[in-house]
Amino acid sequence: MISDKRRVGLIGDPVAHSYSPRFQQAAFDALGIEAHYELWHTPALQLPMRIQSLRNIDCFGANVTIPHKQAVLPLLDHIDPLAARIGAVNTIVHRAGLLWGYNTDAPGLLLALQEHGVGEQHNKATSLKGCTAILLGAGGAARGAVFALAGAGVERLLLVNRHLERAQMLAAQVQQDYAGILLCLDDPSVLAAYPDSIIINATPTGMHDDSSPLPAEVLSRFAPDTFIYDMIYNPAETSLLRQARARGLRAANGLSLLLHQGALSFTLWTGREAPLDVMRTALY
Ligand code: NAP
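Residues numbered from 1 in each chain as written. Predicted model: local features only at pLDDT ≥ 70, side-chain atom pairs only at ≥ 80, totals over all residues. Heavy atoms only, no water.

Structural notes on the site of the ligand
Where we set the bar: Each residue is tested against the molecule or strand, and it is near if at least one of its non-hydrogen atoms lies within 4 Å. By the criterion applied in these results, polar contacts are pairs of N or O atoms within 3.5 Å in which, for protein atoms, one can donate a hydrogen and the other can accept it, and in which residues neighboring in sequence qualify only through two side-chain atoms. Here the open area of atoms and residues is found with the Shrake-Rupley method and a 1.4 Å probe, where only the protein chains shown may cover a residue. Strands here mean DSSP runs of E at least two residues long; helices mean DSSP runs of H or I at least four residues long; both are numbered from the N terminus. Side-chain classes follow a simple rule in which Ala, Val, Leu, Ile, Met, Phe, Trp, Tyr, Cys and Pro form the nonpolar group, Asp, Glu, Lys and Arg form the charged group, and the remainder, Gly included, forms the polar group.
The immediate surroundings of the ligand are formed by 21 residues, with Ala141, Asn161, Arg162, His163 and Arg166 found nearest. A distance of 2.9 Å separates an oxygen atom of the ligand from a polar atom in the backbone of Gly140. Between the ligand and His163, the relevant distance is 2.5 Å, taken from an oxygen atom to a side-chain nitrogen or oxygen of the residue. For the ligand, whose unbound accessible area comes to 920 Å², protein coverage reaches 75%. Put simply, the parts of the chain that give the shell around the ligand at least two residues each are α5 (140-151) and α9 (255-270). Along the lines of polarity and charge, the residues of the shell around the ligand split into 11 nonpolar, eight polar and two charged.

Printed below as a string of C-alpha cells:
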C-alpha cells in the first residue's frame, strides 16, 4: 500500500539530540497535514545520496544542521539570495523534483530578539539601529547571525573568536553590504561596553560544562540595558545566562531561535502559516 504521508526531516551528524521533531510534528498534526518529521543521521560521505532522496514525490524537504549547512549548497538546484550571501542553507524545499535552499536562521534570530523586546519594528522588518552587537563565535551559527545583525542596521559589530582569522574572513564577507563599524577580536577580556549592547553567544562554550564564553569581570562593565542571548538551549540556563541575570541584565536562551527558524521552515515547506503557539507549547 502506498502511503499519502509526506516525509520531512533533519539532516546532520549528529542529530539524535535535536528538539526539532518535537515541535515540527506538533505543527503538522495541529494543521491536519499528513507528514512525519524524521531524524536523518547523515555522515558527510552519505550527503549526496541523502539530498538526492529529497527529490522523491513524498518528500517536503529537510532541515540541515551541523556540519552540512555549507556543503549542501552545490547539491541543490536553486539557492535563495539571502542563503547565497550567507553561504549556508538550513532549509531545503522540494518543489516538483527540484530542490531550493533557504536560510531561516538569520530571520529567525531577528524574530527571536523581537520576542525578547530587542529592536524596533518598521514595516515588518526589525531595526537594531543605534545598537552594538557583540557576537561570540564565527562558526555556522554565527554566519547567519552576523548577516542578520548587519541587515538590521546595528551601528557597531564586534566579532570575537579564538581563531581571529576566521572572524576576519567572516567580517570581510559581511563588509561588502555593511556600512557600520566592524571590529574583530580574539580576546573577550579587552571588550569595552557600549550603550544598547546585544551580546550573542554563538559558541558551544557552556553546553558541555559550566564554563562561560565571557569572564564575569567583562560582563560587569555592561550597563543594565544590555541584552544577553545564548544560542545554547540545552542546558536551559548556562553559566553565561546565570552571570547575566545575577547582574540584573536581560537574558534569554536559544529556544526562541530554534522556534522561529523552525516556524519559517514549516511555512516554506507547506505554504501555511506556522502554528507558533502549538510549536512553542511543544518546545518549552
Ligand atoms: P561551529 O560551526 O562548530 O562553530 C563553533 C564556534 O565556536 C567557532 O567560532 C569556534 O571557534 C567557537 N568555539 C568552539 N569551541 C570553543 C571554545 N572552547 N572556546 C571558545 N570558542 C570556541 O558551531 P555552530 O553551529 O556555530 O554552533 C555554535 C553553538 O550554537 C552551539 O552551541 C549550537 O548548539 C548553537 N546553535 C543553536 C541554534 C539554535 O537554534 N538555538 C542553532 C545553531 C546553533 P574557532 O573558529 O576558533 O574554532
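Section: the nonpolar core
Rules: Each nonpolar core is a collection of buried residues, namely Ala, Val, Leu, Ile, Met, Phe, Trp, Tyr and Cys, held together in the definition by side-chain atoms within 4.5 Å. The buried label goes to any residue with under 20% of its type's maximum accessible area, the exposed label to any with over 50%, and the partly exposed label to all in between, with areas taken from a 1.4 Å probe on protein chains only. Residues count as neighbours in contact if any of their non-hydrogen atoms are within 4.5 Å of one another.
Counting residues in each nonpolar core, the largest one holds 38 residues, and the members touching the most others are Leu113, Leu128, Leu157, Leu159 and Tyr229. Within the residue set of this core, elements represented by two or more residues are α4 (105-115), β9 (132-136), α5, β10 (156-160), α6 (164-175), β12 (197-201) and β13 (227-230). If you tally residues by element for this core, the top one is α5, at seven residues. When sequence neighbours within four positions are dropped, the list of residues in contact with Leu159 reads Leu135, Val146, Ala167, Leu170, Ala171, Leu182, Leu183, Cys184 and Leu185. Membership of the second largest hydrophobic core comes to 23 residues, among which are Ala35, Tyr102, Tyr233 and Met279.

Structural notes on the layout of surface pockets
So the rule is basically this: The pocket and cavity definitions rest on a 1 Å grid over protein atoms only: a 1.4 Å probe that fits but cannot leave marks a cavity, an open set with protein on both sides within 12 Å along at least five of seven lines marks a pocket, and residues lining either have an atom within 4 Å of a point. Grid points are joined across faces, edges and corners, and a volume is the space filled by probe spheres set on the points.
In this structure, the second largest pocket spans a volume of roughly 220 Å³. Lining the second largest pocket we find 16 residues, and of these Val118, Gly119, Lys129, Cys131 and Asp196 sit closest to its centre. At the level of secondary structure, the elements contributing two or more residues to the lining of the second largest pocket comprise β7 (120-122) and β12. Classifying every residue of the lining of the second largest pocket gives five nonpolar, six polar and five charged.

Considerations on α5
Counted only if it meets this: Helices are assigned an expected span. That span is 1.5 Å times one less than the residue count.
For α5, built from 12 residues, the straight-helix expectation of 16 Å at 1.5 Å per residue is met to within 8% by its first-to-last C-alpha distance of 17 Å. Counting buried positions along α5 gives nine out of 12 residues, so the element sits mostly inside the fold. Restricting attention to buried positions, one finds in α5 the residues Ala142, Arg143, Gly144, Ala145, Val146, Phe147, Ala148, Leu149 and Ala150. Its buried side turned inward, α5 meets α3 (81-86), α4, β9, β10, α6 and β12. Following α5 by one or two positions, Gly153 has its phi on the positive side, about 80 degrees.

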